[in-house]
Structure formats: C-alpha cells, structure tokens
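Listed below are the residues making up each chain.
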Amino acid sequence: MFNGKLHGLTAACAAAAFAVGGAAGGAAWADPDDHELVIDGESIVTEVAAQPGNPLGTLYSGWRYRTPETQALQMDDFENPVMLQVDLARDVWSVAEGEAGKSCALCHDDVEVSMIGVKAGYPKMNAGAGKAFALEHQVNACRTERMGADAWKWESQDMIGMTALIGLQSRGMPVDIDDDALAPVIAQGKDIYNTRFGQLDLSCANCHEDNNGVMIRADHLSQGHGNGFPTYRLKWQGTGTLHRRFKGCMDNIRAEPYKRGSEEFTALEAYIAWRGQGLSVETPSVRN
Amino acid sequence: MAAPKPRVKVPNSAKVGEVIEVKTLISHPMESGQRKDKSGAIIPRKIINKFVATYGGEEVFSVDVGPAVSANPYIQFSMKVPAAGDLHFAWTDDDGSVYEMTKSIAIA
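Residues numbered from 1 in each chain as written. Chains lettered and ligands numbered in written order. Predicted model: local features only at pLDDT ≥ 70, side-chain atom pairs only at ≥ 80, totals over all residues.

**As for the overall build of chain A**
Working step 1: If you tally the helices and strands in chain A, you get eleven helices and eleven strands.
Working step 2: In chain A, which comprises 288 residues, the proportion classed as buried is 36%.
Working step 3: Taking all contacts inside chain A whose residues are at least 6 apart in sequence as the whole, residues at least 24 apart take part in 70%. (Helix = DSSP H or I, 4+ residues; strand = E, 2+ residues; numbered from the N terminus. Buried ≥ 20, exposed ≤ 12 C-beta atoms within 10 Å, placed from the backbone. Contact = placed C-beta atoms within 7 Å.)

The structure is reproduced here in structure tokens:
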C-alpha cells in the first residue's frame, strides 16, 4: 500500500500543496512544519526528544501537521470551538447533582486550582478499581460513588465539556504518567498498537510510526499522540474523545472496533501517553 | 438546557480614530421552529432575535436575527473608536431574556 512509486506520486502533489500553504521552508515536504504554537501569549511545546526505548526519535504534536488555518483556530481561545463547551462545563462544575446533593466544587473547590496538572498524569492506575482509569472513568467514579448521580455517557456533551475543562488546566504542562504503576497496561497497549487488524490488515504502527509525515489521501499523517484530546475535529464538526478517534481509525481499516472506555482502548491510551511523554498537553485542541 | 453564554473579543486599547474588529459569540441552540421531534410534533422556535452593540451609550451596530441563523451565532463587525469607553453588547431571546456583556476600551 505504501510502496515506493505511490510515495513519489503523492510527494509531488503534496509538495505543491505545501508550497501554497507556506509551510516549513527548506525541510522535506513530508515533515511536520516548523511553526510555533503560542496560545494567547503562552508557549506550548510541540517538539521534544523521545525517551529511550520509544519507537519514535523526535516527538511532534499533531498540531504541527495541520494547515495554518487549522492551527490558527487553536491559537486563539475565542476562535477555538471547544471553548464554548468549556464555558458550559464551568457552570456544571458548580451545580449540585445526585442523591448526595454535591457539586464538583464542593470537594474540588476552584477548578482552575484543584485540577492543575491532573490531565497530564492520566491515564492513572486506580487501586480501588484494580484497573487503569482514563479521565472519563474517574469523572464517572466521582459522579456515581460520591455524588450519587448517574454516570455520563463517554461521548456525551457533558463528559466532553468536563474533561475539556479539566484538561485545559494542564495545558502547556508535559504529559507525564506513572510508567511503573501502569507498566502492564502500557505493555498491553503496545501489543494492540502493533497488531494488524481488520480487512485492510493494518496496525496503528503501520501509519503512525512507519508513515507519519506521509499523505494518506488528503490527510497529513501525524504520529498519533493523544495530548490534545478531547479535540475539535473539523471532520466531526464537533468535539470528541480519544476513544472515538481510536474507534474511527479501526472503522477506517474495516476492523471491529473496541468500545469506548474498554480495557483495550484504555490500554491503548496508556501506551500512546507513554509514547508521547514530554509533549505539552494541548487540551482542548483543534485538528482535521 | 444550559444558560446561553456570550463571549466577545475586543482589543483592550486603541488609538483615537482607529478602526477595530469586534467578534462576538453566544452559545444558544437557535431552535428554528422547523424541526420535529420523534412523535412528529414541531419543536417550538426559540432563537436570539436581536443583537445590539452600544458604545458610550450610543448604538454602533445592531442585527435583527432570523431563524435561518444556526446555533451559537457568531457576529463580527468593525467600528471606529472615538474615545475611551465601554462597549456594551445585548442579545435578546424570543422568551424576552436579555444576555449582556460589557468590555472597556482604553486609548493607547
């Protein structure tokens, strides 16, 4: 599928596209551009050396693979389409819900203080549940166990808004998970990442490791990091979760996808968090 | 549903006579009144029907908004800054609610 001849043809087309777009001068057409991500004055790290043992050499944020127009949407909190949902979630934070009559604010006080750095450390091993938790799992654990409220659906606007609000408090901070505690989960995730699935018989690595920087149809393949989720995707014309993206990729290769919130997707999330450590959290980001 | 929330982008300061760009957004479902629910009944119209911006008490920009405008209406306009003052925005809902926001502009 990614043979030499096809590579050359798409290179010519992409070169023309990038010349018009005004992307990196001098660098190979396939590489991510050299633009700098500054959001309302705050500098965000989008390029960092990978740790030893990482299949990637240099980590590049997905932002570096997007067109300047898409990049611009993320650089301005007014233009960023997710911020409307983040504003709504701020209200929800302070509203009591469930049988215990508690709001998030009752225990966690000011979200802009208590949630600093939280998203950067996810996924996390949850001792009580004996499994790895994504942020969504933790939100629902608080809701069902402490608030006596109903769990939110993984992809609901409530959940997306709340995880975007919490994630925003880690924006600019490096992704930094507990490698040791999560070791078996990361190993499981790495296994899945390198397994070929579906009718097209592709693994995550085939695209995001072997071919990042290459054009797949009209899409500039990134390294597939999770540092910006939940993200607004132009394709979705809406904001979505990392597990939704995983499902989309599996649908694309005509495989039977795992479920959002499943052990498999959580393991995958843990592996790509491990693989992306050092890059800044960009939640809520804007992608294609 | 959740209460509509306005957002605006206005420069903090400008020179006298400078033309500035003002961007506004309000989260609102803008139910057009054309949609039907599962049982086939019309979902009643509920939209922002008017937007007014005033500067130093004087109206500088207004929009009569119709049901064709979709959710979370984005309204952008330019204006000349005569002097320092307060830019006041008001969005009126069909149900009579008025959502407001004010931003001050200093002279650079």
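This is not the end of the story, as more comes after the structure.
**Things to note about the interface of chain B and chain A**
Working step 1: Each partner contributes residues to the interface: chain B has nine residues there, and chain A has five residues.
Working step 2: Among the elements of the structure, β1 (6-9) and β3 (19-26) of chain B are those that each provide at least two residues to the side of chain B that touches chain A.
Working step 3: Class assignment for the residues of the side of chain B that touches chain A results in three nonpolar, two polar and four charged. (Nonpolar A, V, L, I, M, F, W, Y, C, P; charged D, E, K, R; others polar.)

**Remarks on helix α8 (residues 183-193) of chain A**
Residues and elements named next belong to chain A.
Working step 1: Those residues of α8 not exposed but buried are Val-185, Ile-186, Gly-189, Lys-190 and Tyr-193. With its buried residues spanning 140° around the axis, α8 presents them on a single face.
Working step 2: Taken together, the buried residues of α8 touch β6 (131-133), α9 (204-208) and α11 (263-275). (Arc of directions from axis to C-beta.)

**Looking at the domain arrangement of chain A**
Residues and elements named next belong to chain A.
Working step 1: Here the domain parsing of chain A yields domain 1 (4-79 + 173-287) and domain 2 (84-168).
Working step 2: When each unit is reduced to the centre of its C-alpha atoms, the spacing between domain 1 and domain 2 is 25 Å.
Working step 3: Counting residues at the interface gives 26 residues for domain 1 and 22 residues for domain 2.
Working step 4: Contributing elements (two or more residues each) for the side of domain 1 that touches domain 2: β10 (238-240), α10 (242-252) and α11.
Working step 5: A total of six residues in the side of domain 1 that touches domain 2 trace back to one element, the largest contributor, which is α11.
Working step 6: For the side of domain 1 that touches domain 2, a count of residues per class yields 13 nonpolar, seven polar and six charged. (Domains from an automatic or database assignment.)

**A short note on the nonpolar core**
Working step 1: Residues A:Val86, A:Ala164, A:Leu165, A:Ile177, A:Leu268, A:Ala270 and A:Tyr271 are the most contacted members of the largest nonpolar core, which totals 46 residues.
Working step 2: In terms of residue count, the dominant contributor to this core is α11(A) (eight residues).
Working step 3: The residue makeup of this core includes at least three contributed by each of domain 1 (4-79 + 173-287) and domain 2 (84-168) of chain A.
Working step 4: The contact partners of A:Leu268, leaving out residues within four places of it in the chain, are A:Gly189, A:Ile192, A:Tyr193 and A:Phe246.
Working step 5: If you look at the next biggest cluster of nonpolar residues, it comprises 15 residues, including B:Val10, B:Ile48, B:Phe51 and B:Trp91. (Core = buried A, V, L, I, M, F, W, Y, C linked by C-beta atoms within 7 Å.)

**Thoughts on the pairing of strand β8 (residues 98-107) of chain B**
Residue and element names in this part refer to chain B.
Working step 1: Of all ten residues in β8, one are buried; the element is thus mostly exposed.
Working step 2: Sheet analysis places strand β2 (residues 13-14) next to β8, joined by two bridges and oriented parallel. Opposite Ser-13, over in β8, you have Ala-106 as the bridge partner.
Working step 3: Both strand β7 (residues 85-93) and β8 contribute to a ladder of eight bridges, which runs antiparallel. (Pairing = 2+ DSSP bridges.)

**Details of the sheet that holds strand β5 (residues 58-64) of chain B**
Residues and elements named next belong to chain B.
Working step 1: What the five strands build is an open sheet, ordered β2-β8-β7-β4-β5; its pairing is mixed. Two strands in the sheet have a free side with no partner beyond their single neighbour: β2 and β5.
Working step 2: Both strand β4 (residues 48-55) and β5 contribute to a ladder of six bridges, which runs antiparallel. By the bridge assignment, Val-52 is partnered in β5 with Ser-62.

**Notes on the environment of A:Leu59**
Residues and elements named next belong to chain A.
Working step 1: The topology assignment puts Leu-59 in strand β4 (residues 58-60).
Working step 2: With 22 C-beta atoms packed within 10 Å, Leu-59 lands in the buried category.
Working step 3: Measuring from C-alpha to C-alpha, the distance between Leu-59 and Ala-49 comes to 6.0 Å, with ten residues separating the pair along the chain.
Working step 4: Beyond its immediate stretch of four places on either side in the chain, Leu-59 contacts Glu-47, Val-48, Ala-50, Gln-223, Gly-276, Gly-278 and Leu-279.

**Describing the sheet that holds strand β6 (residues 74-80) of chain B**
Residues and elements named next belong to chain B.
Working step 1: Strand order in the open sheet formed by three strands is β1-β3-β6, with antiparallel pairing between adjacent strands. One side of each edge strand has no neighbouring strand; the edge strands of this open sheet are β1 and β6. Averaged over all pairs of adjacent strands, the angle between strand axes in this sheet comes to 20°, irrespective of strand direction.
Working step 2: Bridge analysis of β3 against β6 gives seven bridges, and the strand direction is antiparallel. Bridging across to β6, Leu-25 finds its partner in Tyr-74. (Axes fitted to C-alpha atoms, helices over the stretch in contact; angles between N-to-C directions.)

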